[in-house]
Amino acid sequence: MDNYPLLNIFWTMLELFLWILWFFLLFKIITDIFRSHDMGGWAKAGWMILVILLPLIGVLVYVIARGKGMGERDIAQAQKADAAFKAYIRDAAAGPGEGAAQAPPGRSHVEDLAKLADLKASGAISEEEYQKAKDKLLV
């Protein structure tokens, strides 16, 4: 360790970081090439050949030529994933069974139970009818 000065350690770490960063960018570009729907098969093959045979130039040219589209595709994919996640949360929060899927929008089981409790308190329905309706809602 005496032969390797501190500045060389920093320089080596910087080179390692840039090398790993370049690999991440290369893999990101390869996935973007295959994800892109606006290119045909031959264009995808051409970009892949350029990126593999001349990696540094190919990556830089791809980022310059198609970087904006790559960002737009990333945003679109993130929005799709977010919408799917929110739909899953809505479905999970609605509760189990078919009743949750068929409930009108903006109406929940809590509101239905509150209406049932009001009907029972006002005497419009009996205790037995209340229990049957409540069991039906909670199933």
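Above: the structure in question.
Residues numbered from 1 in each chain as written. Predicted model: local features only at pLDDT ≥ 70, side-chain atom pairs only at ≥ 80, totals over all residues. Heavy atoms only, no water.

Moving on: the pattern of salt bridges. Counted by the stated rule, this structure contains eight salt bridges. With its nearest N and O atoms 3.1 Å apart, the salt bridge here joins D32 to R35. Separated by three residues within a single helix, D32 and R35 lie in helix α1 (residues 6-35), roughly one turn from each other. In this structure, D74 engages R35 in a salt bridge whose closest nitrogen and oxygen atoms are separated by 2.7 Å. With D74 in helix α3 (residues 55-94) and R35 in helix α1, this residue pair connects regions lying 39 residues apart in the sequence. Look at D74 and you get partly exposed, because its relative accessible area is 25%. (Salt bridge = Lys/Arg side-chain N within 4 Å of Asp/Glu carboxyl O. Helix = DSSP H or I, 4+ residues; strand = E, 2+ residues; numbered from the N terminus. Buried < 20%, exposed > 50% of the residue type's maximum accessible area, 1.4 Å probe, protein only.)

Here the focus is helix α2 (residues 41-53). Helix length check: α2, at 13 residues, gives a terminal C-alpha distance of 18 Å against a target of 18 Å (1.5 Å per residue), a fit within 8%. Three or more residues of α2 are buried, namely K44, W47, M48 and V51. The arc enclosing the buried residues of α2, seen along the axis, measures out at 100°, which places them on a common side. Projecting away from the buried face of α2 at angles above 90 degrees are the exposed residues W42 and L53. The inward-facing, buried residues of α2 abut α1 and α3. (Expected span 1.5 Å × (residues − 1). Arc of directions from axis to C-beta. Contact = heavy atoms within 4.5 Å.)

Remember that the coordinates give geometry; whether it matters functionally is a separate question.
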